[in-house]
Amino acid sequence: KIDFVLTAIAIGNPTGIDLGHLLNSKYCIPFIYITSHTEKAVIEKAKPTRPNAYIVKPFKKEDLLIAIELGLYNTILDQNKNGIVMVKEGRIMVKLYHDHILWLKSEGNYTTIFLKEDNRRVIRSGLLQMQELLPSSCFIRIHKSLLVNKNHIEEIKTNSIIINQTELSVGRTYQQNLVDIFKDN
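Model, not experiment: these values are computed from the prediction.

1. Let's talk about the environment of E89
Next, step 1: Here E89 lies in strand β4 (residues 84–89).
Next, step 2: When the C-alpha positions of E89 and S106 are compared, they lie 15 Å apart, and in sequence the two are 17 residues distant.
Next, step 3: If we ignore the near neighbours within four places in the chain, the residues touching E89 are V94, R121, V122 and I123.
Next, step 4: A polar contact is formed between the side chain of E89 and the side chain of R121, at a distance of 2.6 Å.

Right under this line is the structure:
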């Protein structure tokens, strides 16, 4: 699976701009043009392909690294708006759909993401960072180490909830938030 593409514009026929159209419209893969073309006509052709950056040669290594980092970050934000979050598991990026996530449990610097069909992913990221990536309209904190998808809550008890036949403790600090969310529905 391709996560990110760096392409020149003058790569032959089809051109890098043709590749950009394909990457954007069919595969939704982020990409950057690296080129010496600064002519207005070329830039106008490149714009509709929605590249994450347009880097003109010669460039510094730092410029490229920053462009890649920003491109990945913006892609993650865009995907999050479409019900998807990209997480890094080891050396790979994994696409997770919000509605497949049941709950997240923090353990130090790692977070375990519990998914439908008894799948799970372990990532090196804190729970607070994941909470910022996921929509607050679906995900709520119920404990200092637990973030849950409220759409999957099956039962609410005094000090716990049930998701996918698993009982999860609700911290005293978070009990009122849980009650407030569900009394509005």
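2. A short note on the sheet that holds strand β11 (residues 153–156)
Next, step 1: Spatial strand order, β11-β12-β13: three strands in an open sheet with antiparallel pairing. The outermost strands of the open sheet, each flanked by one partner alone, are β11 and β13 (166–169). Taken over all neighbouring pairs, the strand axes of this sheet differ in orientation by 30° on average, direction set aside.
Next, step 2: Pairing analysis gives four bridges linking strand β12 (residues 160–163) to β13, with the strands arranged antiparallel. Across the sheet, I163 pairs through a bridge with T166, a residue of β13.

So, how was this worked out
- Residues numbered from 1 in each chain as written.
- Predicted model: local features only at pLDDT ≥ 70, side-chain atom pairs only at ≥ 80, totals over all residues.
- Heavy atoms only, no water.
- Helix = DSSP H or I, 4+ residues; strand = E, 2+ residues; numbered from the N terminus.
- Contact = heavy atoms within 4.5 Å.
- Polar contact = N/O pair within 3.5 Å; in protein donor to acceptor, adjacent residues only side chain to side chain.
- Pairing = 2+ DSSP bridges.
- Axes fitted to C-alpha atoms, helices over the stretch in contact; angles between N-to-C directions.

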